[in-house]
Amino acid sequence: KIELDCHPGKLLLQFKYLKSVRSPFTFKHQSTMNSESTSSAPAALIPSSVTSNGSAVTASSNVEYRNASATGEIPSYDGDDRARATDFANYFCSYAQLYHQKQMLTDHKRMEAYYDAIMGNADVFRDKVVMDVGTGSGILAVWAAHAGARRVYAVEYTDMANHARRLVEENGVGHVVTVIQGAVEDIDPQSLEGGKEAMECNDGCIDIIISEWMGYFLLRESMLDSLIRARDKFLKKNTGLMFPSHTTMYFAPVMDEEERKTSVKEYTSSMTDWNDFVESTKTMYGVDMGALDSAFQREQKEYYLLSSRWCELRMEQVLAEPCMVKYLDMCTCTLEESRGILRGAPGSSFDFDVVGEDDDTASSSLNPMPARHAVVSGFSGWFTADFKSRTDADGSMAPKISHPTLLSTGPENGYTHWGQQVFHLLSNIPVIRGQTTRIKGELELARNKDNARLYNCRVRFSTTRRRTGEPKAAGTVLMNGPVIETVYQIP
């Protein structure tokens, strides 16, 4: 029996903000937070025995159905039956629905990128053995067959595999595409074409691995783990190709004030409703629920204010040049790299200049982004995926990609079902006319310890202001702001 603990307010938020829901089912996140501290942090990013202000607490949760294996890995790798059942109910089951598949199949930016990457490079697919990890409806496998692949293994964990088999047959490529239902981690290489011989030579038997594995802000869902294990187990080491080949995560300050204020109003309304409930319960039934005030406030703050939001931003809402916070070469990236962004890691720091509106300095070479009169409502993250030739030293003999393709989920590319994840500030940062606001800090991304598919994101920064046009290093500092640290869930 798997019990889903869903909070009504959370569901409303997901349906309101997540116009396109990639994986709609989430377990209730249990964490230890300190609402009085500057840093309100789900326990995944702080030790379970210490809160963000140093006070001792007990372990953050005692989850009977934990969506992670005993070793903290995704359950499809080394989870027991209970962990795998939890993972299916919490993650995989949504992908077994055609309605959910249709949401992704109608994302035309996604579809165009994969179609162009496969069909535009038919020369590298011709007569090759291909594996599609997480095939879903099977459409990428069909395209690989159309591009001339000799054999395609389409791997799908859920019963969507049955629909994929039908799609493959109806599209006339059943003699090329073999649909395998199960976890890619469980497949024996010797069961695949050339697998036994490849193992004897300490090499893989797959020429190309294609997969649409990316989640919100790239890493959510942790499917990259499965892809890395499939690559290490099946891909030909020196000549194999990964589609996509490289991915990049971006981060930037944004103006999204209407939605930020909406979240604050909904939080305030929820707390007002709670106070009315406490009073009426005491008056009508003689029980004082006020003992639970702080627990309810902590819970609602986490739901309404400390969860990232799906957004479809416009370019003018991006207030500074986005910075790259993580770059992954799909042929060389490690499981450790897939787990997030460590504090102090390359790319984890950011330094943004948000220029206030001033006609005399709007075009200054010192300030490449347009000047504006705005407020900083928070930060946003998104990603790009490249389909291009191998760039690692071991891949010099791999086939070259003659028609590279880029898939971007950034504001400049319009709608994708991934959208952007926005992390709203509890209080906005005004942008002053004629002044440049510098926002300097660091980003940390780590998995929720009770659900290996989900992530928490810590943002720590401080702000200064100087007159626009003055150099960043030598300008007169007009204001020094305090260090602000907040930890968000990516639900």
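The structure under discussion appears in the preceding block.
Our subject in this report is the structure included herewith. Computed from a predicted model, the values in this text were never measured in an experiment.

Reading guide: rules and limits
Residues numbered from 1 in each chain as written. Predicted model: local features only at pLDDT ≥ 70, side-chain atom pairs only at ≥ 80, totals over all residues. Heavy atoms only, no water. Buried < 20%, exposed > 50% of the residue type's maximum accessible area, 1.4 Å probe, protein only. Helix = DSSP H or I, 4+ residues; strand = E, 2+ residues; numbered from the N terminus. Pairing = 2+ DSSP bridges. Arc of directions from axis to C-beta. Contact = heavy atoms within 4.5 Å. Salt bridge = Lys/Arg side-chain N within 4 Å of Asp/Glu carboxyl O. Patch = residues over 30% accessible without salt bridge, like charges linked within 9 Å, V, L, I, M, F, W, Y side chains within 5 Å. Areas by Shrake-Rupley, 256 points an atom, 1.4 Å probe, with all protein chains shown as cover. Core = buried A, V, L, I, M, F, W, Y, C linked by side-chain atoms within 4.5 Å.

### Re the pairing of strand E6 (residues 246-254)
Link 1 in the chain: Counting buried residues along E6, eight of its nine residues qualify, which places the element largely inside the surrounding structure.
Link 2 in the chain: Of the strand pairs in this sheet, E6 and strand E10 (residues 375-387) are connected by nine bridges, and their pairing is antiparallel. If you follow Thr247 over to E10, its bridge partner there is Ala385.

### Thoughts on helix H4 (residues 98-105)
Side chains of residues three or four places apart in an α-helix project in the same direction, reflecting 3.6 residues per turn.
Link 1 in the chain: Within the span of H4, buried status applies to His100, Gln101, Gln103 and Met104. Along H4, the residues classed as buried sweep out an arc of 150 degrees about the axis, all on the same side.
Link 2 in the chain: Against the buried residues of H4 lie helix H5 (108-119) and helix H8 (160-170).

### Some words on the pattern of salt bridges
Link 1 in the chain: Applying the stated criterion across every chain yields a total of 23 salt bridges.
Link 2 in the chain: We note a salt bridge from Glu257 to Arg260, for which the minimum N-O separation is 2.7 Å. In this pair, Glu257 and Arg260 both sit in helix H11 (residues 257-285), three residues apart, roughly one turn of the helix. The same class applies to Glu257 as to Arg260, namely buried.
Link 3 in the chain: A cluster of three or more residues bridged by salt bridges with shared partners is formed by Asp351, Asp353, Arg438, Arg466 and Lys472.

### Some remarks on the environment of Gly240
Link 1 in the chain: Inspection of the secondary structure puts Gly240 in the loop between helix H10 (223-234) and strand E5 (241-243).
Link 2 in the chain: Residue classification places Gly240 among the buried positions, given a relative accessible area of 0%.

### Some words on a nonpolar patch on the surface
Link 1 in the chain: On the surface, a cluster of nonpolar side chains totalling about 360 Å² of accessible area is made up of Met284, Tyr285 and Val287.
Link 2 in the chain: Mapping Val287 onto the fold places it in the loop between H11 and helix H12 (293-304).

### Here's the deal with helix H7 (residues 139-146)
Link 1 in the chain: Among the eight residues in H7, six count as buried, and that is most of the element.
Link 2 in the chain: Three or more residues of H7 are buried, namely Leu140, Ala141, Val142, Trp143, Ala144 and Ala145.
Link 3 in the chain: Of the residues flanking the end of H7, it is Gly148, one or two places downstream, whose phi is positive at about 110 degrees.

### Some words on the nonpolar core
Link 1 in the chain: Membership of the largest hydrophobic core comes to 107 residues, with the highest contact counts inside it found for Phe125, Val177, Phe243, Phe251 and Phe350.
Link 2 in the chain: Excluding residues that lie within four positions of it along the chain, Phe125 makes contacts with Ala117, Ile118, Val130, Ala144, Ala147, Gly148, Ala149, Ile208, Ile210 and Phe243.
Link 3 in the chain: With seven residues, the next largest nonpolar core counts Ala252, Cys311, Val318 and Val422 among its residues.

### Quick word on the pairing of strand E1 (residues 129-133)
Link 1 in the chain: Most of E1 is tucked away: five of the five residues are buried.
Link 2 in the chain: Side-chain alternation along E1 places Val129, Met131 and Val133 on one buried face and Val130 and Asp132 on a second face that is also buried.
Link 3 in the chain: Taken together, the five bridges between E1 and strand E2 (residues 151-156) define a ladder with parallel strand orientation. By the bridge assignment, Val130 is partnered in E2 with Val152.

Interpretation in functional terms is not warranted from these geometric data alone.
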